[in-house]
Every structure is written in structure tokens, then in C-alpha cells.
Amino acid sequence: ILFVFYMLAIFHVYPTNLIINTLSYFSLLPDSFAICLGYESYQYELGAFNIKALLQIFTIAILFWFSGLLQKQVKGFDVLFTAYILSTIILLMFGDFAILGARLATMLANVEFILIPSLILIFKVHERAIPYVVIVILSAIMMNLNLGPDRLTGYENYMFDLFI
């Protein structure tokens, strides 16, 4: 199913307009969301090759590879993994309306903070040092991607000012 939605996103086939028009027709569209429809800054396309979608698909592949071991180690792994896959599908499915796709996907992708560190559990206790380092590095990369460039420019020297 994930592959199908990824292919649809590659070819720019999105159901967003159909869903929004249907909800609007039956007056089921929340006012807070209807406000976003009028602004061009909210209506841009994420596309199939945005870094978050690619990162989530890569993470799904790794988690799927080790799912047999993780099901034994992590309670509720199936539920968490399904939520993460659904998050990726939503991100791809609503890729033409960035604010809708990204916000809905983020709500379900919060399980990422449990799933990724749980990969450490597949290693033996005395072999976990390197996976810990890899997880810390991946977390730093994800934090950098999520914050975006120039996001903290006003605070970039804040820590250094404390010591000067």
C-alpha cells in the first residue's frame, strides 16, 4: 500500500481537493482549516521526494527488516509501526497541500521517538555502544532537518554569550 501511495505522489495524483470539497459541501470543514485555504503560503506541494517522506520510508524499511525481533522486545510494536506507516501514507497522500499533509502526518509520526531507539534492543547488551552513538547522530540529523535552516539565527550565539 505504501508503494502505491508513493507512486501516486511521484505522478502528482492527490485526493486532497476531492476530500476538501466533500467536507466543505457537507459543512464539515472546521473554520480553522477553512482559513488556511485562502492563503497561498499554506498551499504548496511537498512532493514525493521531500526529505521527511524519504526518511520515513527508509525508517520503515529498517523497522520492517527487524520487525520480528522488535515484536518480541517492544510491547505494542505492531500498533506503533502501523501508526508510523499510516503517517507516511498521509504525508504522501496529502502532499499537494503541505499544511494538511505535514500536520496530520506529524501527529501519527510521534511514535518515531519510540521506534527508532527501540532498534538498540536488537543488539546484545555488550554490543549496544555503537547503536547508541548511531541513534544519537541520527537524532541530531533529524532535529536539524526538523528545525530547518536559519531557524535559530536569533539565538545562535546565546550559549556562547553566557561564558564571555
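For the structure, check the block above.
In this text, all values refer to a predicted model and were calculated from it rather than measured experimentally.

Novice: How do you make sense of the overall build of the protein chain when you look at a structure like this?
Specialist: Tallying secondary structure elements over the protein chain gives ten helices and zero strands in all. For the protein chain, the N- to C-terminal ordering of α and β elements is α-α-α-α-α-α-α-α-α-α. Looking at the protein chain as a whole, 32% of its 164 residues qualify as buried. Excluding contacts between residues fewer than 6 apart, the proportion of contacts in the protein chain whose partners are at least 24 apart in sequence is 71%. With an accessible surface of roughly 11,400 Å², the protein chain has 69% of that area assigned to carbon and sulfur atoms.

Novice: I keep staring at the pattern of salt bridges and nothing clicks. Help me out?
Specialist: It is possible for side chains bearing opposite charge to pair when their charged atoms get close. A complete count under the given rule lists one salt bridge for this structure. Glu 112 is the partner of Lys 52 in a salt bridge, and the nearest nitrogen-oxygen pair spans 3.4 Å. On the criterion of sequence distance, the pair formed by Lys 52 in helix H4 (residues 51-65) and Glu 112 in helix H8 (residues 112-118) is long-range, its members being 60 residues apart. Look at Lys 52 and you get partly exposed, because its relative accessible area is 23%.

Novice: Any chance you could explain the packing of H4 against helix H6 (residues 77-93) here in plain terms?
Specialist: Packed helices, taken two at a time, are described by the angle between their axes plus the distance between the axes. The interhelical angle for the contact between H4 and H6, taken along N-to-C directions, is 150 degrees, at an axis separation of 10 Å. Overall, the two elements H4 and H6 adopt an arrangement that is roughly antiparallel. In this structure, H4 crosses over H6, and the sense of that crossing is left-handed. Here H4 contributes Lys 52, Ala 53, Gln 56, Ile 57, Thr 59, Ile 60, Leu 63 and Phe 64 to the contact with H6, which in turn contributes Phe 77, Phe 81, Tyr 84, Ile 85, Ser 87, Thr 88, Leu 91 and Leu 92. Per-class residue counts for the contact of H4 with H6 are eleven nonpolar, four polar and one charged.

Novice: I would appreciate a short explanation of the packing of H6 against helix H7 (residues 98-109) in the present structure.
Specialist: Packing of H6 against H7 brings their axes to within 8 Å, and their N-to-C directions diverge by 175 degrees. Classed by the angle they form, the pair H6 and H7 counts as roughly antiparallel. Across from Ala 83, Tyr 84, Leu 86, Ser 87, Ile 90 and Leu 91 in H6, the residues of H7 making contact are Gly 101, Ala 102, Leu 104, Ala 105, Leu 108 and Ala 109. Classifying every residue of the contact of H6 with H7 by side-chain character gives ten nonpolar, two polar and no charged.

Novice: Explain a nonpolar patch on the surface to me, please; I cannot follow it from the model alone.
Specialist: A cluster of nonpolar side chains, namely Ile 130, Val 133, Val 134, Ile 137, Leu 138 and Ile 141, defines an oily patch on the protein surface of about 540 Å² accessible area. Accessibility expressed as a relative area gives 65% for Ile 130, which makes it exposed.

Novice: Where do I start with the packing of aromatic side chains in this structure?
Specialist: Working definition: an aromatic ring pair is given by the centre-to-centre distance plus the angle between the planes. Here the structure, examined in full by the defined rule, presents one aromatic pair. Pairing Phe 77 with Phe 81 gives two aromatic rings, centres 5.4 Å apart and planes at 10 degrees, and the pair type is stacked. Of the two residues, Phe 77 and Phe 81 both sit in helix H6, four residues apart, roughly one turn of that helix. Take Phe 77 and Phe 81: they sit in the same class, and that class is buried.

Novice: Hey, could you run me through H7 in this one?
Specialist: An α-helical turn contains 3.6 residues, so any two residues separated by three or four positions project in the same direction. Under the 1.5 Å per step criterion, the end-to-end length of H7 is 16 Å for twelve residues, consistent within 8% with the ideal 16 Å. For H7, every residue scored as buried is listed here: Ala 98, Ile 99, Leu 100, Gly 101, Ala 105 and Ala 109.

Novice: Please clarify how the side chain of Ser 87 should be interpreted in this entry.
Specialist: Relative to the helices and strands, Ser 87 is located in helix H6. Every residue in contact with Ser 87, bar those within four places of it in the chain, is listed here: Gln 56, Ala 105, Leu 108 and Ala 109.

Novice: Just checking my understanding: could you explain the environment of Val 111 for this structure?
Specialist: As for its position among the elements, Val 111 is in the loop between H7 and H8. Residues Val 111 and Ser 87 lie 24 residues apart in sequence; the distance between their C-alpha atoms is 9.7 Å.

Novice: Hey, could you run me through the nonpolar core in this one?
Specialist: Soluble globular proteins tend to pack their nonpolar side chains together in the buried interior. One finds Leu 63, Leu 70, Phe 77, Tyr 84, Val 111 and Leu 115 to be the most contacted residues of the largest nonpolar core, which totals 13 residues. When contributions to this core are tallied by element, the ones reaching two or more residues are H4 and H6. Per element, the largest residue contribution to this core is five residues, and it comes from H6. In this structure, Leu 70 is in contact with Leu 63, Phe 77, Ser 118, Leu 119 and Ile 122, ignoring residues within four places of it in sequence. Counting twelve residues, the second-largest nonpolar core is a separate cluster that includes Met 93, Ile 99, Leu 100 and Ala 105.

Rules and cut-offs
- Residues numbered from 1 in each chain as written.
- Predicted model: local features only at pLDDT ≥ 70, side-chain atom pairs only at ≥ 80, totals over all residues.
- Heavy atoms only, no water.
- Helix = DSSP H or I, 4+ residues; strand = E, 2+ residues; numbered from the N terminus.
- Buried < 20%, exposed > 50% of the residue type's maximum accessible area, 1.4 Å probe, protein only.
- Contact = heavy atoms within 4.5 Å.
- Areas by Shrake-Rupley, 256 points an atom, 1.4 Å probe, with all protein chains shown as cover.
- Salt bridge = Lys/Arg side-chain N within 4 Å of Asp/Glu carboxyl O.
- Axes fitted to C-alpha atoms, helices over the stretch in contact; angles between N-to-C directions.
- Parallel < 35°, antiparallel > 145°, perpendicular 65-115°, else oblique.
- Left-handed = near helix turned anticlockwise from the far one by under 90°.
- Nonpolar A, V, L, I, M, F, W, Y, C, P; charged D, E, K, R; others polar.
- Patch = residues over 30% accessible without salt bridge, like charges linked within 9 Å, V, L, I, M, F, W, Y side chains within 5 Å.
- Phe/Tyr/Trp six-rings, centres within 6.5 Å; stacked < 30°, edge-to-face > 60°.
- Expected span 1.5 Å × (residues − 1).
- Core = buried A, V, L, I, M, F, W, Y, C linked by side-chain atoms within 4.5 Å.

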